[in-house]
Amino acid sequence: MMSFTYKGNQFFAEECAVADLAKAHGTPLFVYSKAAIEANWQQFAQHWPAPHKLCYAVKANSNLAVLNLLARLGAGFDIVSGGELARVLAAGGKAQDVVFSGVGKSHDEIAYALDQNIGCFNVESAAELERIQNIASEKGVVAPISIRVNPDVDAQTHPYIATGLKANKFGIAMTEALDVFRRGATLANLDMRGVDCHIGSQILSPKPFLDAAERMFDLITKLRGEGIQITHLDMGGGFGIPYQQEEKLEVSGYLQTLQEKAEKLGNLKLMLEPGRAIVGNAGIMVTKVEYYKPGSEKNFLLVDAGMNDLLRPSLYNAYHAIVPVERHDGVDEQLVDVVGPVCETGDFFGHARHLAAQEGDMLAVMNAGAYGFTMASNYNTRPRAAEVMVHGNTATLVREREPLASLWQGEHLLGDDA
Ligand code: LLP
């Protein structure tokens, strides 16, 4: 299914001409395809029968319309902050379907999540275990928990998004895990239900996932041997998508293997936390060319979106395809760098691209649905972009462009005597 495609020379999001969306809502603009999100979801859901659960990683794209759509498709949610929990609830998600990951859960976040009665805390350290026990005991409740173990596998991805190596800050080392489980089993206000891991993001080969699974299943067997009754295994997210010419990761075989292993052990519910694979290719960022600036060494297309809108190229040197929203016949392509207006040399979307675009033309930056808007900032006092979701020929504004004055709302001048 092609949600973003040309019809003649015009680029379309489902049945909506992207140029019309840009005219109606301005640029920079994120455009999401409802059909693409649904199709991506089904790729997992069709191979993942109950009682197994999919918890969408909210950090990938936390727009309320996206969360609401996924809640209606039966998603659970993987959150990493009290703010994300509040968003899920505001979008109609159920607290019971939420797992709370994250290395630095604050006292207030834990208390809030307990009050909301979330499904599970994914505990990342021995200190966090004690903190959750204390807060749950003060409240007179029992906290459902899972222990995040670091399986020490190389995810073969960008070092900033690899999380499953011993050298990373995430999870508890395999060698220390048994002791933490034993300690947890003695604490009255904890219900130790699960084991979880997450080895990294944008992983394109099944091998690291299978290696990690092997280690996690071994651990569960050991724990059960000690009488610690683990009833769920959460293998995290990390499923990569092609940004360039990479081969697609086929998840069905991996999902099948997990289920076969779980059946062998018995009484084990499986969970996954996909983020990027659900929304990544379901979104584009539309930007307008402000200037064409030829130079002796390089030619630049200066566009109206910046690294504050889509940070991935600047932060990870990530590749995003860039295509014209309207193709012009007979206009020669130039070799250009596509760069933003922010005062940083690292403010770019693509180097050495072949594009035939002039001032006023629109470009679409592809695969911007995951870690696009959610990583946006107001750097250079730039309001964050608007977001629309298309469904067939209907487009809904799902987030308004930020009004400028809202950027300094809550700021205060010094008083006369200060
Ligand atoms: N679960 C946990 C515990 C995670 O830390 C993450 C992502 C996920 C699930 C979802 O991973 P996914 O399925 O989306 O790969 N900003 C980076 C990606 C950071 C991912 C952080 N953790 C990027 O733009 O590539």
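For clarity, every value in this text was computed on a predicted model and none was experimentally measured.

**As for the packing of helix 2 (residues 34-45) against helix 3 (residues 64-72)**
At step 1: In the contact formed by helix 2 and helix 3, the axes pass within 11 Å of each other and the chain directions differ by 45 degrees. Relative to helix 3, the element helix 2 lies oblique. The interaxial crossing formed by helix 2 with helix 3 has right-handed handedness. Residues Lys34, Ile37, Glu38 and Trp41 of helix 2 touch helix 3, and the partners they reach there are Val66, Leu69 and Leu70.
At step 2: By residue class, the composition of the contact of helix 2 with helix 3 is five nonpolar, no polar and two charged.

**Quick look at the site of the ligand**
At step 1: Neighbouring residues of the ligand: 20 residues in total, closest Ser201, Glu273, Arg312, Tyr316 and Tyr371.
At step 2: Separating an oxygen atom of the ligand from a backbone N or O atom of Gly238 is a distance of 2.8 Å.
At step 3: Between the ligand and the protein, one listed contact pairs an oxygen atom with a side-chain N or O atom of Arg312 at 2.6 Å.
At step 4: Burial of the ligand by the protein amounts to 92% of the accessible area it has alone, namely 590 Å².
At step 5: More than half of the atoms belonging to the ligand lie within 2 Å of the grid points that define the second largest pocket.
At step 6: In the shell around the ligand, the residues fall into seven nonpolar, seven polar and six charged.
At step 7: For the shell around the ligand, the two domains that each supply at least three residues are domain 1 (4-31 + 280-408) and domain 2 (34-279).

**Quick look at the packing of aromatic side chains**
At step 1: Counted according to the given criterion, the structure contains eight aromatic pairs.
At step 2: Where Tyr6 meets Phe11, the ring centres are 4.9 Å apart and the plane angle is 55 degrees; that geometry is what we call tilted.
At step 3: According to the relative accessible area criterion, Phe11 is buried, its value standing at 3%.
At step 4: Both rings, one in Phe209 and one in Phe239, keep their centres 5.0 Å apart while their planes meet at 25 degrees; by these two values the pair is stacked. Residue Phe209 is found in helix 8 (residues 206-225), and its partner Phe239 is found in the loop between strand 12 (232-234) and helix 9 (252-265); the two are separated by 30 residues along the sequence. The residues Phe209 and Phe239 share a single accessibility class, namely buried.
At step 5: Put simply, the rings of Phe44, Phe209, Phe239 and Tyr254 pair up and form one aromatic cluster.
At step 6: Positioned over the ring face of Phe12 is Lys7, at 4.8 Å from the centre of the ring.
At step 7: Against the face of Tyr6 rests Arg327, its NZ or CZ located 3.7 Å from the ring centre.

**Some words on the UniProt feature "active site" (unreviewed entry) in the protein chain**
At step 1: Those residues carrying the UniProt feature "active site" (unreviewed entry) are Cys343 in this numbering.
At step 2: Among the structural elements, Cys343 can be located in the loop between strand 17 (334-339) and strand 18 (348-355).
At step 3: On the basis of relative accessible area, Cys343 is assigned to the exposed category, the value being 64%.
At step 4: Excluding its chain neighbours within four sequence positions, the residues that come into contact with Cys343 are Tyr379 and Asn380.

**Remarks on the side chain of Glu387**
At step 1: Along the chain, Glu387 turns up in strand 20 (residues 386-391).
At step 2: Despite being buried, Glu387 has no salt bridge partner; Arg399 is the closest side chain of opposite charge, sitting 4.4 Å away.
At step 3: One polar contact links Glu387 to Tyr32, side chain to side chain, over a distance of 2.5 Å.
At step 4: A polar side-chain atom of Glu387 sits 3.0 Å from a polar atom in the side chain of Asn63.

**Notes on the domain arrangement of the protein chain**
At step 1: What the domain assignment lists for the protein chain is domain 1 (4-31 + 280-408) and domain 2 (34-279).
At step 2: Once you take the C-alpha centre of each, domain 1 and domain 2 turn out to be 32 Å apart.
At step 3: Taken together, the contact pairs 23 residues of domain 1 with 25 residues of domain 2.
At step 4: Counting the surface lost from both domain 1 and domain 2, the interface buries some 2,000 Å², and carbon and sulfur atoms represent 55% of this.
At step 5: Linking domain 1 with domain 2 are zero salt bridges.
At step 6: Run the count over domain 1 and domain 2 and you get 13 residue pairs in polar contact (both at pLDDT 80 or more).
At step 7: Counting only elements with at least two residues in the side of domain 1 that touches domain 2, the list comes to helix 11 (312-316), strand 20 and strand 21 (394-399).
At step 8: Here the element with the most residues in the side of domain 1 that touches domain 2 is strand 20; it accounts for four residues.

Cut-off values and rules
- Residues numbered from 1 in each chain as written.
- Predicted model: local features only at pLDDT ≥ 70, side-chain atom pairs only at ≥ 80, totals over all residues.
- Heavy atoms only, no water.
- Axes fitted to C-alpha atoms, helices over the stretch in contact; angles between N-to-C directions.
- Helix = DSSP H or I, 4+ residues; strand = E, 2+ residues; numbered from the N terminus.
- Parallel < 35°, antiparallel > 145°, perpendicular 65-115°, else oblique.
- Left-handed = near helix turned anticlockwise from the far one by under 90°.
- Contact = heavy atoms within 4.5 Å.
- Nonpolar A, V, L, I, M, F, W, Y, C, P; charged D, E, K, R; others polar.
- Near = heavy atom within 4 Å.
- Polar contact = N/O pair within 3.5 Å; in protein donor to acceptor, adjacent residues only side chain to side chain.
- Areas by Shrake-Rupley, 256 points an atom, 1.4 Å probe, with all protein chains shown as cover.
- 1 Å grid on protein atoms, 1.4 Å probe; cavity = no way out; pocket = protein on both sides within 12 Å on 5 of 7 lines; lining within 4 Å.
- Sits in = over half its atoms within 2 Å of the grid points.
- Domains from an automatic or database assignment.
- Phe/Tyr/Trp six-rings, centres within 6.5 Å; stacked < 30°, edge-to-face > 60°.
- Buried < 20%, exposed > 50% of the residue type's maximum accessible area, 1.4 Å probe, protein only.
- Lys NZ or Arg CZ within 6 Å of the ring centre and 35° of its normal.
- UniProt positions renumbered as here; feature names shortened; annotations may be inferred.
- Lys, Arg positive; Asp, Glu negative; His and termini not counted.
- Salt bridge = Lys/Arg side-chain N within 4 Å of Asp/Glu carboxyl O.
- Buried area = accessible area lost by both parts, 1.4 Å probe.

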